[in-house]
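Chain by chain, the residues:
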Amino acid sequence: MMKQITFFLFLLSACCGAYPQTPQEAVSAIYTFDTEEELADWLVEGEGKAYIENGKLILEPLYFPLMETLMKAKVISEDNIMEEYSPYLYAAMKAKYGNDIRNYFLQEKEKTVFTGGHFNLWNRKIRTTENFALEFDFPPLSPAPLHMFLFCASGLQGENIFDASMPPRYGLGEELMYDMKTYRLSFFHPSRKKANLRRAPGKVMIAQGIDVTVPEDWRQTSHCRIERINGTIRFLINGKESFSYKDEKPLTGNQWGFRLMACAKGAYDNIRIIAIQ
C-alpha cells in the first residue's frame, strides 16, 4: 500500500512539472489620479507638464498649444514630421532660453540638429520586478503622434537613472537611446499604424505590431498592457496581442515612465504596476 501511495505521489509530481504553471500576479501599486498628491511620485524632464484633470493624468508638451494652432491652420501636418514643426519650436524655445538653447541640439557628423521640445515623465517611486506587467487606460487628446512608454531603464552601468553621475537630460530622444539602457515602446501613430519596440543603447528596433489607433475614431480609449515574463516582452491592446518578443539578454533596469513628442497630448488613467511570479 505504501509503495502504491509513493508511486502515485511520484506521478503527480511529474505531471505537475510537465505543464507550465499559471503566473501569479500581485498588484504593487495603482494610480487612479483622484488626488493631487499622486503627482508627487512623478518627475518631468524636458518641455512638458503633467497635471490631473477629471480624474486622469494629463500629459501635455509645453508648446502643444502652438503646435495645435499650426496643425489646425494646416501650416504643419498631424504626422509628427520634425522638419515641419522644428523651426517653430526652435523660435519659441530660443526666445525662452537664449544661449542655453544649445542644450537642445544634437551633434550629427558635421552639423548640429535641433531636437528639443519633447519631454519624459518618470515614475520615481515604484520599481518593476524582474517579471512584471504594467497596465493603463489611454484616451488620446490630440490626433497627432507620438506617445511612448519607457521601461527596464537604468544607466549604462546599471545606475539609478536619477543618480548624480548620470548626464543631464533635457527631454531629447538621443539621451534615452544612447546614454541609457531602456526599452522604448512607441504607439499611437495614426499614419504609421504600427507600434514599435526599440532597445537602447543603440535605438535598435526589435519588435513591431498593431497600434492602438482606429482611423475612424482616434479619440477612443484603449486599455494597454506591457508585460515582461522570463525575458519575453508582450504588448496587448484591449486584450489583443500586438507583438511578442523574446530578449535573450534582457535588460535588468527597473525604472519606467512615459514620453511625448511636441504635437501629442494624452490622458492616462488606472495605471497598475503588477509583480509576476
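Nothing here was measured: the structure is a model prediction, and the numbers come from that model. (Residues numbered from 1 in each chain as written. Predicted model: local features only at pLDDT ≥ 70, side-chain atom pairs only at ≥ 80, totals over all residues. Heavy atoms only, no water.)

A. Here's a closer look at the pattern of salt bridges. Applying the stated criterion to the full structure yields twelve salt bridges. Salt-bridge contacts for Glu 227 lead to Arg 234; the nearest nitrogen and oxygen are separated by 2.8 Å. Look at Glu 227 and you get buried, because its relative accessible area is 7%. Residue class for Arg 234 comes out partly exposed when judged on its relative accessible area of 25%. One connected set of salt bridges, linked through shared partners, spans Glu 25, Glu 135, Arg 225, Glu 227, Arg 234, Glu 241 and Arg 272. (Salt bridge = Lys/Arg side-chain N within 4 Å of Asp/Glu carboxyl O. Buried < 20%, exposed > 50% of the residue type's maximum accessible area, 1.4 Å probe, protein only.)

B. Focus on the sheet that holds strand S10 (residues 180-187). Pairing in this open sheet of seven strands is antiparallel, and the strands run S2-S7-S16-S9-S10-S11-S12 from one edge to the other. Each edge of the sheet is formed by a strand with only one pairing partner; in this case those strands are strand S2 (42-46) and strand S12 (204-210). Going from strand to strand, the sheet's axes swing by 20° on average, the running direction of each strand aside. Summarising the sheet, S2 and strand S7 (residues 119-123) pair through five bridges and their orientation is antiparallel. Within S7, the position partnered with Leu 43 by the bridge is Trp 122. (Pairing = 2+ DSSP bridges. Helix = DSSP H or I, 4+ residues; strand = E, 2+ residues; numbered from the N terminus. Axes fitted to C-alpha atoms, helices over the stretch in contact; angles between N-to-C directions.)

C. Main features of the packing of aromatic side chains. All told, the structure shown has 26 aromatic pairs when counted by the stated rule. Aromatic pair Phe 136 and Tyr 268: ring centres 5.4 Å apart, planes at 50°, arrangement tilted. Here Tyr 268 lies in strand S17 (residues 266-276) and Phe 136 lies in strand S8 (residues 132-138), a separation of 132 residues in the sequence. Of the two residues, Phe 136 and Tyr 268, both sit in the buried class. (Phe/Tyr/Trp six-rings, centres within 6.5 Å; stacked < 30°, edge-to-face > 60°.)

D. Representation of the confidence of the model for the protein. Taken residue by residue, the protein gives an average pLDDT of 91. The fraction at 70 or more is 91%. Contacts from residues 1-19, a stretch scored under 50 in pLDDT, to residues over four places away or in other chains number one contact. (pLDDT = per-residue confidence, 0-100. Contact = heavy atoms within 4.5 Å.)

E. Here's a closer look at the nonpolar core. Counting 41 residues, the largest nonpolar core has Phe 136, Phe 151, Leu 185, Phe 187, Trp 256, Tyr 268 and Ile 271 as the members making the most contacts within it. Ranked by the residues each element gives to this core, the list is headed by S8, at four residues. With residues near it in sequence (within four places) discarded, Phe 187 still touches Phe 136, Phe 138, Leu 146, His 147, Met 148, Phe 149, Arg 192, Ala 195, Asp 211, Val 212 and Tyr 268. Counting 19 residues, the second-largest nonpolar core is a separate cluster that includes Phe 64, Met 67, Met 71 and Ala 262. (Core = buried A, V, L, I, M, F, W, Y, C linked by side-chain atoms within 4.5 Å.)

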